[in-house]
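# A look at the structure
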Amino acid sequence: MVEKASYYGGTTARSGGWLWIPNTHLATAYGHHELPDQALTYIRNQAGAGFDETRVRAFLANGPKAVEFFMSKTAVQFDMPLTFPDYHAEAPGAAQGGRSMVTRPYDARELGPLLKTLGPVLPELTVFGVTIGSGKEIVHFMRVTRSLASAWYVAKRLTRHFMEVMKYGRGMTLTNGNALAARLAKSAADLSIPVLLSSPASRLLHDGERVTGAVIERNGQRVSVKARQGVVLASGGFPHNNERLKDTYPHVKAGHGHFSPTPKTNVGDGVRMAEEVGGVFDKSLSNAAAWTPMSLVPRKDGTIGIMPHFIDRAKPGVIAVSLDGRRFANEANSYHDLVQAMIAASCSKPETACWLIADHAAIRRYGLGYVKPFPLPLGPHLRNGYLKRGRTIAELAQQIGVDPATLATTIRQYNDNAQYGRDPEFGRGSKAYNRYQGDALHTPNPCVAPLATGPFYALKLVPGDLGSFMGLRTNEHAQVVSADGAAIAGLYAAGNDAASIMGGEYSGAGITLGPGLTFGYIVGNHIADHIEASPRKPAAAPARKPAGEPVAMH
Ligand SMILES: Cc1cc2nc3c(=O)[nH]c(=O)nc-3n(C[C@H](O)[C@H](O)[C@H](O)COP(=O)(O)OP(=O)(O)OC[C@H]3O[C@@H](n4cnc5c(N)ncnc54)[C@H](O)[C@@H]3O)c2cc1C
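Residues numbered from 1 in each chain as written. Predicted model: local features only at pLDDT ≥ 70, side-chain atom pairs only at ≥ 80, totals over all residues. Heavy atoms only, no water.

### Re the overall build of the protein chain
Counting secondary structure elements, the protein chain contains 16 helices and 21 strands. Compactness check: the protein chain gives a C-alpha radius of gyration of 24 Å against a globular reference of 24 Å for 554 residues, within 12% of the reference. For the C-alpha atoms alone, the extent of the protein chain along its principal axes is close to 75 × 55 × 50 Å. Counting across all 554 residues of the protein chain, residues that qualify as buried make up 56%. Taking all contacts inside the protein chain whose residues are at least 6 apart in sequence as the whole, residues at least 24 apart take part in 73%. Just so you have it, the protein chain exposes about 23,300 Å², and 55% of that area is on carbon and sulfur atoms. Where the 58 positive side-chain charges of the protein chain centre and where its 45 negative ones centre are 6 Å apart. (Helix = DSSP H or I, 4+ residues; strand = E, 2+ residues; numbered from the N terminus. Rg over C-alpha atoms; globule rule 2.2 N^0.38 Å. Buried < 20%, exposed > 50% of the residue type's maximum accessible area, 1.4 Å probe, protein only. Contact = heavy atoms within 4.5 Å. Areas by Shrake-Rupley, 256 points an atom, 1.4 Å probe, with all protein chains shown as cover. Lys, Arg positive; Asp, Glu negative; His and termini not counted. Charge placed at Lys NZ, Arg CZ, Asp CG, Glu CD.)

Structural data, given as C-alpha cells:
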C-alpha cells in the first residue's frame, strides 16, 4: 500500500465510522430481518437513473460476507448500538434500522508505533480533545444536564480521557472513523503488509494488454513498482481538485464557494491515472459528492476549521433561513438533502449559504455547530464572530444582514404552528430520520419548538462535502472499465475513486464506507480467484530499483 500523505487513514480516519450494509449477521443478532430484495428495492428507488443493478447485487451479496470476514479474521470490529433508520425510511424497501453499523472503539495502545502516523480527527468534532463516539455516546453527551445516567457516563468518560492524557500525552480511546483506520492499519501490520507513507502514486504502468504496476514517488525518486496481480486505486476521489469541482459542482460552476474537511491530498489522482489508461469518469450521477452543510470555525492559531453539521439542525428551537430570511427546507432532513435545497435556494444569490438560527433555550440545551451546550460558555464564539447574537429577532437580523421584517415574519409564522409541535410548511419531524436526529425527550414533536426565548443566535452554513460520489466506472468485480464497458485488466478501484452505487443520493448512515469495505473485499477475492488461473509472466525489471526495501503491489 502506498499513501501520499505523511500519515495514513485519509478521510476515513476523520469520519463517523458508520457502514451501511444490509443483512449482516449483526442485524440478525439484533432482531432485524429483511424481506428478499428489500434492500435492492430501496437502492433502486434511491439511485433512480443512476441504478446499476449488477454492481448493487454484488454489493448486497458480498457486504454481509465482508463484515463476517473482517470481524472473524482481522482487528476490524463493528457494533450496532442504535436502531439507525435509513435516511429516507418512508421510501419503498427502506428499513427502520439494522443496516447501519458503527466501528467498535479501539484502544490506541494496541497500535504500538503505528499510533504516531494515524491520521488526525477533525478538531471541531471533539470536546476537551475527546472524539465523542457517534453511537450511544453522543446521546449521553447531549443529555448530560438532563439525565443522571448520562451525567455519570460523561463524568467517567472525561475522567478516563484526562487520566490517559496525563499518562500517555493523549487520549487513547479511539472512536468512529479513527478507530476504523486504526483497526485496518493494525490488521495490515499483523499480516506484514507494508504501508509506505509520503509515497504518492503518479502514473500507472501498462504493457498494452494490462496494468502492470505503478510509478510512485519516494524519497525524491521515481520508483516503478511491479504489480503481479493488479493495482487497486483507492485515493479518495477528487474533493480538492478545483477543475473537476468547477465541472461537476453546480454552486462552484456558479462561482460560489465550497468547503471540504477531507484531506487536501485527495485531488483525484486515482481518477486521472485510470483515465490515462482508458478508464471513464462517470458524471451521470445526480450529485457529484456527498454534500454536508459546514460552518467555518476561527481557530486560535488563525486557521479556519470546517465543521460538518450533522445533528443540530434537527433539534427543537432551531431553523434555517436563506440569505433573504425565509425558510427553504425541512432542516431535519439529511445533510445531503439540506445542501441540495440550499444550492437551489441560492442560485440567484451572490453566494450559496444559509443561516442556522436558534433561540437561547435551544442553544444552551443542544449547542449549535461548534458551540457546545450549557455549561460551556458562548462568549468565545461571540467574540471571534463565529456566532451572532441579537436581543430581539430584529437585532439578530441586523447582525446577519437580513431584512428584519422578513425574518420576523418567518419566525412568527413558524412559531404559530411550532407551539403545537407542527411544521405544516416543511414537515419537520414527519420522517423517521428527522425524529432520530431530534430530541426524543421533547414532546409532542422531537424536532419542533417555537423560537421564543431571547436572545437569539445565528451562524452561517456553507456547502461542503464528505467525499466524492462521481468517480470511475467499475463493474461488479470493482474492475475499472473503459468506454465500451470492457474491464481494464489489472486495474481496480474502490472507495470514492469508484462511482457511488447510490447514484448520487445519500440514503443511509455509512453508504460510502459500507460499499468501500465491500468492494475492497470483492477486489481481494477476485484477485485471489484469478491467481491460480492466470499463468504468471516473468516480472519486468523496474525502471529504477526501489531505494531500500523491496516493494510490491498485489
Ligand atoms: C466528518 C466526516 C464524517 C463522515 N462519516 C462517514 C460515516 O460515518 N460513514 C460513511 O460511510 N462515510 C462517512 N464519511 C465519508 C467517508 O469518510 C469517505 O467517503 C471515505 O472515508 C472515503 O474513503 P476512501 O478510502 O475512498 O478515501 P480516504 O479515506 O480519503 O483515503 C484515500 C487516501 O488516499 C491517499 N492518496 C490520495 N492520492 C494518492 C496518491 N496519488 N497516491 C497514494 N495515496 C494517495 C490520501 O492521502 C488518503 O489517505 C464522512 C466524512 C467526513 C469528512
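Moving on, there is more to tell.
### Quick look at the sheet that holds strand β1 (residues 18-20)
Strand order in the open sheet formed by 3 strands is β1-β3-β2, with antiparallel pairing between adjacent strands. Looking at strand neighbours, the two that pair on one side only are β1 and β2 (78-79), the edges of this open sheet. Across 3 bridges, β1 lies against strand β3 (residues 100-103) in antiparallel orientation. Looking across to β3, one finds that Trp20 is bridged to Ser100. (Pairing = 2+ DSSP bridges.)

### Focus on unusual backbone geometry
For residues other than glycine, phi is negative in most cases, and the peptide bonds are mostly trans. Each neighbour pair has its own omega, and for Phe374 with Pro375 the value is 15 degrees, a cis peptide bond. Examined against the element boundaries, Pro375 turns out to sit in the loop between α11 (360-366) and α12 (379-383). In this structure, Pro444 follows Thr443 across a cis peptide bond, with omega equal to -5 degrees. Residue position: Pro444 is located in the loop between α15 (432-437) and β18 (456-468). Here Asn23, not a glycine, exhibits a phi torsion of approximately 65 degrees, which is positive. Locating Asn23 in the fold gives a position in the loop between β1 and α1 (25-29). In this structure Asn23 comes out as partly exposed when scored by relative accessible area, which is 44%.

### Let's talk about the nonpolar core
Counting 106 residues, the largest nonpolar core has Ile43, Phe78, Leu204, Leu233 and Leu491 as its most contacted members. Considering each element in turn, this core owes the most residues, 8 residues, to helix α3 (residues 53-73). Beyond its immediate stretch of four places on either side in the chain, Ile43 contacts Trp20, Phe51, Val56, Phe59, Leu60, Ile501 and Met502. Residues Ile357, Leu407, Val448 and Leu451 belong to the second largest nonpolar core, which totals 25 residues. (Core = buried A, V, L, I, M, F, W, Y, C linked by side-chain atoms within 4.5 Å.)

### Let's talk about the environment of Asn333
For Asn333, the position within the fold is in the loop between β15 (318-322) and α10 (335-345). We classify Asn333 as buried; its relative accessible area is 14%. Separated by 181 residues in sequence, Asn333 and Gly514 have C-alpha atoms that sit 21 Å apart.

### Observations regarding the site of the ligand
Lining the immediate surroundings of the ligand are 33 residues, of which Glu3, Thr11, Thr12, Asn496 and Leu513 lie closest. Contact distances for the ligand include 2.6 Å between an oxygen atom and a side-chain N or O atom of Thr12. Within the backbone of Asn496, an N or O atom sits 2.7 Å from an oxygen atom of the ligand. Out of a free accessible area of 1,000 Å², the ligand has 92% covered by protein chains. Considering only residue class, the shell around the ligand consists of 14 nonpolar, 15 polar and 4 charged. (Near = heavy atom within 4 Å. Polar contact = N/O pair within 3.5 Å; in protein donor to acceptor, adjacent residues only side chain to side chain. Nonpolar A, V, L, I, M, F, W, Y, C, P; charged D, E, K, R; others polar.)

### Side note on the pattern of salt bridges
Going through the model one piece at a time under the given rule, you end up with 26 salt bridges. Between Arg327 and Glu331 there is a salt bridge, and its shortest N-O distance comes to 2.8 Å. Like Arg327, the residue Glu331 is buried in the burial classification. One salt-bridge network, in which partners are shared between bridges, spans Lys4, Asp269, Arg272 and Glu276. (Salt bridge = Lys/Arg side-chain N within 4 Å of Asp/Glu carboxyl O.)

### Observations concerning empty space enclosed by the protein
In this approach a probe as big as a water molecule rolls over the atoms, and the regions it shows empty are the leftover space. Evaluated as defined, the whole model comprises 1 cavity of 30 Å³ or more. A per-element tally of the lining of the largest cavity places helix α16 (residues 513-533) first, with 3 residues. Looking at side-chain class alone, the lining of the largest cavity contains 10 nonpolar, 7 polar and 1 charged residues. (1 Å grid on protein atoms, 1.4 Å probe; cavity = no way out; pocket = protein on both sides within 12 Å on 5 of 7 lines; lining within 4 Å. Points joined across faces, edges and corners; volume = space filled by probe spheres on them.)

### Structural notes on the packing of helix α13 (residues 393-400) against helix α14 (residues 404-418)
Between α13 and α14, the least distance of the axes is 8 Å, while the angle of their chain directions is 125 degrees. By the angle between their directions, the pair α13 and α14 is classed as oblique. Pair α13 / α14 crosses with right-handed handedness. Residues Ile393, Ala394 and Ala397 of α13 form the contact with α14, whose own contacting residues are Pro404, Leu407, Ala408 and Ile411. Its residues placed into classes, the contact of α13 with α14 shows 7 nonpolar, no polar and no charged. (Axes fitted to C-alpha atoms, helices over the stretch in contact; angles between N-to-C directions. Parallel < 35°, antiparallel > 145°, perpendicular 65-115°, else oblique. Left-handed = near helix turned anticlockwise from the far one by under 90°.)

### Considerations on the confidence of the model for the protein chain
With 96% of its residues at a pLDDT of at least 70, the protein chain reaches an overall mean of 94. Across residues 538-554, confidence stays below pLDDT 50; counting only partners more than four residues off in sequence or on other chains, it has 29 contacts. (pLDDT = per-residue confidence, 0-100.)

### Quick look at a nonpolar patch on the surface
A surface patch of nonpolar side chains, amounting to about 380 Å² of accessible area, comprises Met1, Leu191, Ile193 and Val195. Mapped onto the secondary structure, Ile193 falls in the loop between α6 (176-190) and β8 (201-206). Assessed through its relative accessible area of 38%, Ile193 is described here as partly exposed. (Patch = residues over 30% accessible without salt bridge, like charges linked within 9 Å, V, L, I, M, F, W, Y side chains within 5 Å.)

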